[in-house]
Amino acid sequence: MTDLLPSDTASSALPQSTPPHVIAPGLAGRLARRAITSPGAQTYDCVTPLTGGVLGSLPQSTVSDVETAYKAARTAQSRWAGLPPQRRVVFLRRLHDLVLDQQAELMDLIQLESGKTRVQAFEEVLDVAGVSRHYARKGPSYLATHRRLGALPLLSQSRELRHPKGVVGIVAPWNYPLSMSITDALPALVAGNAVVLRPDNRSALTALRAIELIDRAGLPEGVLQVVLGDGPTVGNAVLERADYVMFTGSTATGRTVAARAGERLVGASLELGGKNPMYVADDADVEAAAECAVRAMFSSAGQLCISIERLILHERVADEFLKVFVPRVKAMKLGADLDWGNDMGSLISAEQLAKVTEHVDDAVAHGATVLAGGKARPDLGPYFYEPTVLDGVQESMQVCRNETFGPVVSVYRVSSDAEAIAMANDTDYGLNASVWTRDTARGRRIGNRIRCGTVNVNEGYAAAWASNGAPMGGMKQSGLGRRHGAEGIQKFTESQNVTVQHGPGFAIPKGISQKTWARAMTAGLKVMKKAGLS
Ligand code: NAD
């Protein structure tokens, strides 16, 4: 057995001869060397929610370490920004392959840190590969300089340029240890920024391993800095020094993060919570919808921001749908194995378990019916909770409007598309929605009227999320800004208009009165309108 993650050719982070749910001794220490910390730093014990066992310990950064990280990032950034975008994307092409090649080891770490199943860990591998490939191919064109129509045709020659913001501060959450930790950093880097990243302690091992792969892929030293620590102190210190703020987490924390960014007048992108609806219309393929619903509601035990928590059924198919769906939920295989085959894993922590339990117990106490699940499963692991379907949920129940961020879905019935749309929109959130109908034109029509950043027709969340060329993010209280596509990289830039003026331009020619000049300009504007110049 080696005391490190053996080598990049090894297939697993787990030493073969030791019990499961541990990592190789020394791995945490090796990975932590990439983070900025000081001698004698306080430490954080990484615990796997699958068993409650300690995986290793990680040193914690201080505010002064965050200062150090920013200093180094600023130094590295100017050299990095001097490279053309075509050169800056080269590391992404290599990262794409490295992540796919090292997937077994990454999935072990993801599962150990988050408690999710292997297939859900694989989703994160796919996501990182997809984002890397997309920005490797499209990044340079998203950042290209464009000619724009000038004020005076031919005489005013405008160019729109995109400059990096400088150093982007990223606070990443725990729920997608690989994907959420690095996929925002990738476009920020391609745009010519340096990044100071604070992954959540609960997902830091995966994040640090991914950063090793980014380094191996050829990102120059200094451009991506990592600090470790809690949110209120270290995370806040990262965001307070940033030239642009990238935050993912709850709406409550996002609001304070946005307020602070507003005080400093720096931009912020916020990916926040949701109470996401799925509507099954009366012409839906009920079998397919029920199969997808299981994935869309219980992936990562519902700890997915775009997970479905409200199931809106057209009354004409409600009974038929539930007849297929509920037995499927009851048959889901729960387990803590670091192997393929399970349908759902564990919640992340005692706090998440307490919140899920509270939402379900409160609903039941106020008259809701449990169609499936409804209880913790300590026999499987300390934080397991059954996938749960509630019927008869009323306004007075906590689960009705508050995000559970767990494996709990509430069933509602409607008699028309209009009623379904109104119900889907009757929330402060607007992150993701799913619509099921055999008539895709009808699906698009319904989708267009749902106030969510992504709408999946005949899918739960994966289709829109994985469409990396199109924007993804929240409306209303679900956030500001977008990931993916042009917006997902251009937000990390400052646009600039450099216009060269030729000829007499705006100066009033000698010998012409201001009044005559104004008349001539008025006539000129009318001609421009007729000519279709704007
Ligand atoms: P949270 O807001 O408590 O914490 C999120 C992250 O912010 C954590 O890593 C935490 O350490 C950090 N943090 C806390 N206080 C901070 C502060 N003052 N300054 C800077 N950072 C701070 O949320 P949570 O309960 O841990 O995570 C679940 C929430 O995150 C859910 O609401 C979920 O919907 C949301 N989420 C959204 C997305 C998305 O893409 N929209 C993705 C994942 C999670």
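Coordinates for the structure precede this section.
Since we're looking at a predicted model, the values are computed, not measured.

Some details on unusual backbone geometry
Step number 1: Phi at L265 takes a positive value of approximately 55°, unusual for a residue other than glycine.
Step number 2: Mapped onto the elements, L265 comes out in the loop between α11 (251–264) and β9 (267–271).
Step number 3: The exposure class assigned to L265 is exposed, which follows from its relative accessible area of 77%.
Step number 4: Of note in the backbone geometry, S300 takes a positive phi value of approximately 50° without being a glycine.
Step number 5: Mapping S300 onto the fold places it in the loop between α12 (286–298) and β11 (308–314).
Step number 6: For S300, a relative accessible area of 2% corresponds to the buried category.

Here's the deal with the packing of helix α2 (residues 63–81) against helix α10 (residues 231–240)
Describing two packed helices takes the angle between their axes plus the distance from one axis to the other.
Step number 1: Interhelical geometry of α2 versus α10 gives an angle of 25° and a closest axis separation of 9 Å. In terms of orientation, α2 and α10 fall into the roughly parallel class. Crossing geometry of α2 relative to α10 is assigned as right-handed. Listed contacts from α10 to V63, V66 and Y70 of α2 are T233, V234, A237 and V238.
Step number 2: Taken together, the residues of the contact of α2 with α10 break down into six nonpolar, one polar and no charged.

Considerations on the sheet that holds strand β5 (residues 167–171)
Backbone-to-backbone hydrogen bonds pair the strands of a sheet. The strands run either parallel or antiparallel.
Step number 1: Taken in spatial order, the six strands of this open sheet run β7-β6-β5-β8-β9-β19, and their pairing is mixed. Here the strands that pair on one side only, and so sit at the sheet edges, are β7 (224–226) and β19 (479–480).
Step number 2: The strands that α11 touches are β8 (244–248) and β9; relative to β8, the one it contacts most, it runs at about 175°.

Side note on the site of the ligand
Step number 1: W174, R198, D200, S250 and E403 are the nearest of the 27 residues found near the ligand.
Step number 2: One of the backbone N or O atoms of A172 is found 3.3 Å from an oxygen atom in the ligand.
Step number 3: Here an oxygen atom of the ligand and a side-chain polar atom of D200 are 2.6 Å apart.
Step number 4: Relative to its unbound accessible area of 840 Å², the ligand is 86% covered by the protein chains.
Step number 5: Contributing elements (two or more residues each) for the shell around the ligand: α10 and β8.

Some points on the environment of V89
Step number 1: Here V89 lies in the loop between α3 (85–88) and α4 (90–101).
Step number 2: With a relative accessible area of 2%, V89 lands in the buried category.
Step number 3: Along the sequence, V89 and G192 sit 103 residues apart, while their C-alpha atoms lie 10.0 Å from each other.
Step number 4: Leaving out residues up to four positions away in the same chain, V89 has contacts with Y135, A136, P140 and V190.

Overview of the packing of α12 against helix α13 (residues 318–330)
Step number 1: Their axes nearest at 9 Å, the elements α12 and α13 cross at an angle of 45°. Here α13 runs oblique to α12, going by the angle between their axes. Between α12 and α13 the crossing geometry is right-handed. Contacts between α12 and α13 involve V286, E287, A289, A290, E291, A293, V294, M297 and F298 on the former and, on the latter, E320, F321, V324, F325, R328 and V329.
Step number 2: In the contact of α12 with α13, the residues fall into eleven nonpolar, no polar and four charged.

Some thoughts on the pattern of salt bridges
Step number 1: All chains considered together, the criterion is met by 28 salt bridges.
Step number 2: Between R295 and E291 there is a salt bridge, with its nearest N and O atoms 3.7 Å apart. Residue R295 and its partner E291 are both found in helix α12; the two are separated by four residues, about one turn of the helix.
Step number 3: Taking the relative accessible area as the measure of exposure, R295 reaches 32% and is therefore partly exposed.
Step number 4: Accessibility expressed as a relative area gives 36% for E291, which makes it partly exposed.
Step number 5: Residue D426 is joined to R401 by a salt bridge in which the shortest nitrogen-to-oxygen separation is 2.9 Å. Of this pair, D426 sits in the loop between α16 (417–425) and β15 (429–430) while R401 sits in helix α15 (residues 398–401), placing them 25 residues apart in sequence.

Looking at the pairing of strand β6 (residues 194–198)
Step number 1: For β6, the tally of buried residues reaches five of five residues, placing the bulk of the element in the interior.
Step number 2: By the bridge criterion, five bridges tie β5 to β6 in an arrangement that is parallel. Looking at β6, one finds that G169 is bridged to V196.
Step number 3: Sheet analysis places β6 next to β7, joined by three bridges and oriented parallel. Its bridge partner lying in β7, V196 is registered against Q225.
Step number 4: Handedness of the crossover joining β6 and β7 through helix α9 (residues 204–216) is recorded here as right-handed.

With respect to the nonpolar core
Step number 1: Judged by nonpolar contacts, the single largest core of 146 residues is most densely connected at F91, V280, L311, F321 and F325.
Step number 2: The element contributing the most residues to this core is α12, with nine residues.
Step number 3: Setting aside residues up to four positions removed in sequence, F91 forms contacts with W80, L186, L189, V190, I214, A217, G218 and L219.
Step number 4: By size, the runner-up hydrophobic cluster in this structure holds twelve residues, among which are Y279, I421, A424 and I446.

Remarks on the sheet that holds strand β4 (residues 156–164)
Step number 1: Read across the open sheet, the three strands follow the order β3-β4-β20; overall the sheet is antiparallel. Unpaired on one side and paired on the other, β3 (146–148) and β20 (493–501) mark the two borders of the sheet. Strand-to-strand twist in this sheet, taken as the mean axis angle between neighbours without regard to direction, amounts to 30°.
Step number 2: Two strands pair when backbone bridges link them, and β3 and β4 are joined in this way by three bridges, in the antiparallel orientation. Of the residues in β4, the one forming a bridge with R147 is R159.

Considerations on the packing of aromatic side chains
Step number 1: This structure, assessed with the given rule, holds eight aromatic pairs.
Step number 2: Look at Y176 and W465: their rings are 5.8 Å apart centre to centre, the planes differ by 80°, and that puts the pair in the edge-to-face class. One end of the pair, Y176, is in the loop between β5 and α7 (179–182); the other, W465, is in helix α18 (residues 462–465), with 289 residues separating them in the sequence.
Step number 3: Given the relative accessible area of 1%, Y176 is considered buried.
Step number 4: Residue classification places W465 among the buried positions, given a relative accessible area of 8%.
Step number 5: Taking 6.1 Å as the distance between ring centres and 45° as the angle between the ring planes, the aromatic pair formed by Y461 and W465 counts as tilted.
Step number 6: Residue classification places Y461 among the buried residues on the basis of a relative accessible area of 1%.

Conventions and cut-offs
Residues numbered from 1 in each chain as written. Predicted model: local features only at pLDDT ≥ 70, side-chain atom pairs only at ≥ 80, totals over all residues. Heavy atoms only, no water. Helix = DSSP H or I, 4+ residues; strand = E, 2+ residues; numbered from the N terminus. Buried < 20%, exposed > 50% of the residue type's maximum accessible area, 1.4 Å probe, protein only. Axes fitted to C-alpha atoms, helices over the stretch in contact; angles between N-to-C directions. Parallel < 35°, antiparallel > 145°, perpendicular 65-115°, else oblique. Left-handed = near helix turned anticlockwise from the far one by under 90°. Contact = heavy atoms within 4.5 Å. Nonpolar A, V, L, I, M, F, W, Y, C, P; charged D, E, K, R; others polar. Pairing = 2+ DSSP bridges. Near = heavy atom within 4 Å. Polar contact = N/O pair within 3.5 Å; in protein donor to acceptor, adjacent residues only side chain to side chain. Areas by Shrake-Rupley, 256 points an atom, 1.4 Å probe, with all protein chains shown as cover. Salt bridge = Lys/Arg side-chain N within 4 Å of Asp/Glu carboxyl O. Right-handed = clockwise from strand over helix to strand, strands pointing away. Core = buried A, V, L, I, M, F, W, Y, C linked by side-chain atoms within 4.5 Å. Phe/Tyr/Trp six-rings, centres within 6.5 Å; stacked < 30°, edge-to-face > 60°.

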